[in-house]
Amino acid sequence: MLFSSTVFIFIFLPAVLIGYYLLLRGMKARNALLLAASLLFYAWGEPVYVLLMLLSIAVNYAFGRLLERRAHSRALLCAAVIFNLGLLFHFKYLNFTVDNLNALFGLHLSVPALALPIGISFFTFQAMSYVIDVYRGTAPVQRNVLSLGLYISFFPQLIAGPIVRYNSIAAQIEERRVTPEDFQAGVCRFVEGFAKKIILANNLSLAAEKAFALAGAGEISTAMAWLGSLAYTFQIYFDFSGYSDMAIGLGRMFGFRFEENFRYPYLSRSVSEFWNRWHISLGHWFRDYVYFPLGGSRVDKGKLLRNLFVVWLLTGVWHGAAWQFIVWGLGYGLIISLEKLTGFPRSCRSNILSAAYALCTFLIVNAGWVLFGAQDLPAALVQLRAMLGFGAAPDLTAAFYWQEYWPLFLAAAFFSTPLLRRLLARLRPGTALEIGRALLYMLLFVISVSYLAMGAHNPFIYFTF
Amino acid sequence: MKKLFSLRYLTAWCFLLFLALFFLLSLGPFASALRELRGPDTAPVEAAYQQAMPRKTDFVTINGGFRRLLGERAVNERYRLDNGQLTYIIPELDMTRIAANTVAFAETLEQRGIPFLYVNTTFKTDEADKQLPLGVEDYSNENADRFLAVLNEKGVDTLDLRERERTEGLDHYSRFYPTDHHWTAETGFWAFTEIVDALAARDASFAVDGRITDLDSYRLDTRENIFLGSAGRRVGPWYAGMDDLTIITPAFNTHLAFQEMDQGFGRDGSFAETFLFPEMLEGSPFEVSRYDVYLGGEYGELRLDNLSREENLPVQSTEKKILLLKDSASLVVAPFLSLGYDSVRLLDLRLYGGNLMTYIEDYEPDLVLAVYNPGAYEDNNWEMFDFLP
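Reading guide: rules and limits
- Residues numbered from 1 in each chain as written.
- Chains lettered and ligands numbered in written order.
- Predicted model: local features only at pLDDT ≥ 70, side-chain atom pairs only at ≥ 80, totals over all residues.
- Heavy atoms only, no water.
- Pairing = 2+ DSSP bridges.
- Helix = DSSP H or I, 4+ residues; strand = E, 2+ residues; numbered from the N terminus.
- Axes fitted to C-alpha atoms, helices over the stretch in contact; angles between N-to-C directions.
- Contact = heavy atoms within 4.5 Å.
- Expected span 1.5 Å × (residues − 1).
- Buried < 20%, exposed > 50% of the residue type's maximum accessible area, 1.4 Å probe, protein only.
- Patch = residues over 30% accessible without salt bridge, like charges linked within 9 Å, V, L, I, M, F, W, Y side chains within 5 Å.
- Areas by Shrake-Rupley, 256 points an atom, 1.4 Å probe, with all protein chains shown as cover.
- Salt bridge = Lys/Arg side-chain N within 4 Å of Asp/Glu carboxyl O.
- Lys, Arg positive; Asp, Glu negative; His and termini not counted.
- Charge placed at Lys NZ, Arg CZ, Asp CG, Glu CD.
- Core = buried A, V, L, I, M, F, W, Y, C linked by side-chain atoms within 4.5 Å.

A. Inspection of the sheet that holds strand β8 (residues 256–260) of chain B at higher detail. Residues and elements named next belong to chain B. Strands sit in the order β5-β4-β13-β11-β12-β10-β8-β9 across an open sheet of eight strands; the sheet is mixed. With one partner strand each, in any of the chains shown, β5 (158–160) and β9 (266–269) form the two edges of the open sheet. Strand-to-strand, the axes of this sheet are offset by a mean angle of 15°, without reference to chain direction. The sheet contact formed by strand β11 (residues 318–326) and strand β12 (residues 341–347) spans six bridges and is parallel. Counted as the bridge partner of L323 is R345 from β12. Lying on the sheet, helix α12 (residues 356–363) is in contact with β10 (301–306), β11, β12 and β13 (367–372); it crosses β11 at an angle near 170°.

B. Seen up close, the sheet that holds strand β3 (residues 86–87) of chain B. Residues and elements named next belong to chain B. Strand order in the open sheet formed by three strands is β1-β2-β3, and the pairing between neighbours is antiparallel. Here the strands that pair on one side only, and so sit at the sheet edges, are β1 (74–75) and β3. Bridge count between β1 and strand β2 (residues 78–80): two bridges; the pairing is antiparallel. Directly across from V75, in β2, lies its bridge partner R78.

C. Quick peek at helix α7 (residues 185–202) of chain B. Over its 18 residues, α7(B) runs 26 Å from end to end, which matches the ideal 26 Å to within 8%, given 1.5 Å per residue. Counting buried residues in α7(B) gives 13 out of 18 residues, a clear majority hidden from the surface.

D. Expanded view of a negative patch on the surface. All names here are of chain B. On the surface, D268, E273, E310 and E311 cluster together into a negatively charged patch. When you line up the elements, E273 lands in helix α10 (residues 271–275). Taking relative accessible area as the criterion, E273 reaches 48% and is therefore assigned partly exposed.

E. Structural context of the pattern of salt bridges. Following the criterion strictly, the structure yields 40 salt bridges over all chains and no others. Here the salt bridges do not stand alone but share partners, grouping R165(A), E259(A), R287(A) and D288(A) into one network.

F. Expanded view of the nonpolar core. Core analysis: the biggest nonpolar cluster contains 174 residues, and F8(A), F155(A), F190(A) and F445(A) have the highest contact counts within it. When residues in this core are grouped by element, the largest group, 18 residues, is from helix α9 (residues 180–216) of chain A. Sequence-distant contacts of F190(A), that is, excluding residues within four places in its chain, are made with F8(A), I9(A), L13(A), D245(A), M246(A), G249(A), L250(A), M253(A), F445(A) and F15(B). Counting residues in hydrophobic clusters, the runner-up holds 59 residues, among them F258(B), M280(B), L302(B) and V371(B).

Rendered as structure tokens:
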């Protein structure tokens, strides 16, 4: 089930809220309800793969209990990691691996084409977080299988994150309270994310998808290549951060506090900074469970480069089983390595140079999204070439999409900055503010629902994750 | 408890009230939608609920208003022209097959001594003044040009109403409902007079009483802001506006019969009693197409008989039998055509399941008319051109 569906908004969410707040008392009962709701949420559209999730819960629970008895058993940890990565490999990377082996060695191996279980990258990483934290002793073992099930499958962040590390949430599963302030903040955050996803991301996706299709056909003009890349840059941000906002907001409505996943990434002054502001929970996961164990940055330059290479290769691979994601990840690894080795732009004293590099960062990210969103690597190269001026003959396609969506492009640029939040923070609390806030949020919500009622374009960007 | 109802939480309360209200309203539609669940795939349930969700048309209206505010001109596969009217667009199509079908049909009729006239109606987009948003192209007229060129080259008799409109210097866009792809009833009446003139010019025995083709012999009753056309229903009245609709009824005495052959219902009486369906003017404009006030909608086969000669009324029809192969544009043409001729039978080949040639052999018409708009060329309508078995 998707947050951006009428069934979720008008059936599932009200039913869960009613059950949680009006029908049940006590944390155990409420957690059981959330677990059941989460499994239903996943089973709706993925009825078979919910069994996979149950298997993941059961096996990771067993590993946790075994690690409790044999603390710091490296063999057990390895077995748990192999199990989780094995699941991920089987469903996400097996076909890609076999295709490449066939191409490389002229083999004719065949494997059945498997549908990718939605959100498998997210819940598998959460499950690994649990066993690793238990192994390290940074989190207590979870003796209640239902609580562990809730951690792995909790519907707000199940299919698109944020990736919640177990040690950051373990205590909240057992004990949490929701104040009216929390609930109101959760509602506002949910509506913000919902509107970002439906109004901005979904509409801008029309221009982005047209550009990717034209690039795939080798018929993209320079203007359309740029417009499409910008549209996708905004689409993926408002889609992903919108989902994260909805997840954080829903979590807060049920008393959970998830870590932030985005901090205005397009304002970054360097590529390293961009990755400190973009998909923060994934960056933290790789930092805590891969980069630091490899030695982090407190090693010699050779090892530092190796560590960065490993992390960025994995980051690329995590996003999808295709060469374009590997190139995309390694490209970031290369640029971040250069920034780390040279100290630029951190050590730069020139404001002009810093500003120019900030613009450069945005362009690098923008080009990166072309690699990321294109149909395949050759199509991405066609679009990047077109952006450099080697596109097809000019036509009116870009003019049409700009004419249609320029207010949304401007809105997307504005909401990529904290300007509105800063402006709102200056308003004096009072009756007018509360009424104004309620009107604004309800208007946003109703307009967003109106797009769902229209059956408007509602793509789901995370199928490849 | 007092704290809970503080104004500080107004947003949360509004949100909860909204969810609660729609949850209650949704229980029935969702329970019905669940019946669509026949396996693990939940998409049919979502689709069914989406269709039946409460207050859907209000949301469509709100969405249209918002997108009008944003200045969007392409909404839900409909395009807003420079003049504010709505249309859909047709891609460039290969006309070879349907042109060949039409030529073969005309030749078959010629062998049997039955005259055939292909009437090309006007389309919403004017070839000379498309008024489309920048970067949007519509090829309806270009497709029609290529199609008619083949027909004319092969000697098939055609009447291109676009040419007649240009020759007479008529304003194109005012002749369509702004929120619909259909022409207005007044334009339908005009098309009827053009067809009668064309037939009479080819064969004087097709001439009709001059009072029948004179609009002054009719009463015009215009209902303001009553009609939301098919394009308007997709985007809502806040985006599209509402259209006026005129009901044209003869001021002279008539006696007509209407027989629908699929369901088998029929009626007879005056023009208003027989051909008009005033119930189509009632109910939500989202759910009822006011355009269907003439003839009540689309049928596979419809028989319209004029009994004026039998009853010796002052204005009488001409003794001819016409088979009209139609699309929806003819709903506002056929009723007037029926005033001119004894028998007019309408076949919509999208809905009619029988063999057309067998039908013609049984009916023995004096003329076969095909009255199609350029939207009919789209591949989902190709059965309209499958004239021969």
